[in-house]
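Summary of structural features
Chain by chain, the residues run as shown.
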Amino acid sequence: VVSVPKMTYRITDKAMEKDSIVDCDETRCKVKVWDTCRKRYVRCPVNREEKIVIYCYEEGFAAVMSAEILGDLQRLELQSDGYNVYMYLEGRLYNTEHLCCLAYARAKFVYAYEQGGDLNAKRMLEYIGWLYGQEDSCRQSGLSAEE
C-alpha cells in the first residue's frame, strides 16, 4: 500500500484529472533492509502537459497500482510499455484507455534485428522511422496534436 501525504492529493488530482494523458513506468531498485538487500520498485506516473511526476515506492512488485495515486480515473489515457495491468487497479477494471509506447515496441524490433538479423524487424524499424519523421515534420510545422 502506498501512503500519500495529504498535501500531495492536490498534485495527484491535477496529474490524473479527466482527459489527461499519463505515462507510467516502473523500475527495480535494491534497498538495504537490515543486513540484506531487497528488491523494491519505484513506479512513476507522469503527466507531461502539467509537468507533474509522482514517485511511488513499493515494497513488492504489485501487479496493480494503488488507486490512491491514480484517483478515480475518469477517462484517463495511460501510456506504458504495454504492461496491461495498469488497466486493473486494486482488482477493478477502470475506464482507462491504455496506450502502448511506440519506443518500447521499437526496442523489441531493434532486439530482433540485432540478435537474429530478422529482415521483417528491419522493415518495421524503417516504418517506425518514417512515422517518427512524420511526427517531427508536424512538430516543426507547429501543428497541434488535433491537427
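Everything discussed here concerns the structure shown above.
With that settled, consider the packing of helix 3 (residues 102-116) against helix 4 (residues 119-140). Two elements in contact, helix 3 and helix 4, have axes separated by 8 Å at closest approach and are oriented at 150°. Between helix 3 and helix 4 lies a crossing whose hand is left-handed. The residues of helix 4 that touch helix 3, namely those facing L102, A103, R106, F109, V110, A112 and Y113, are L119, A121, K122, M124, L125, I128, L131 and Y132. Looking at the contact of helix 3 with helix 4 residue by residue, the class counts come to 13 nonpolar, no polar and two charged.

Here Y111 is to be found in helix 3. On the basis of relative accessibility, which here comes to 55%, the residue Y111 falls in the exposed class. Taking the C-alpha atoms as reference, Y111 lies 8.7 Å from A121; in sequence the two are 10 residues apart.

Cut-offs applied
Residues numbered from 1 in each chain as written. Predicted model: local features only at pLDDT ≥ 70, side-chain atom pairs only at ≥ 80, totals over all residues. Heavy atoms only, no water. Axes fitted to C-alpha atoms, helices over the stretch in contact; angles between N-to-C directions. Helix = DSSP H or I, 4+ residues; strand = E, 2+ residues; numbered from the N terminus. Left-handed = near helix turned anticlockwise from the far one by under 90°. Contact = heavy atoms within 4.5 Å. Nonpolar A, V, L, I, M, F, W, Y, C, P; charged D, E, K, R; others polar. Buried < 20%, exposed > 50% of the residue type's maximum accessible area, 1.4 Å probe, protein only.

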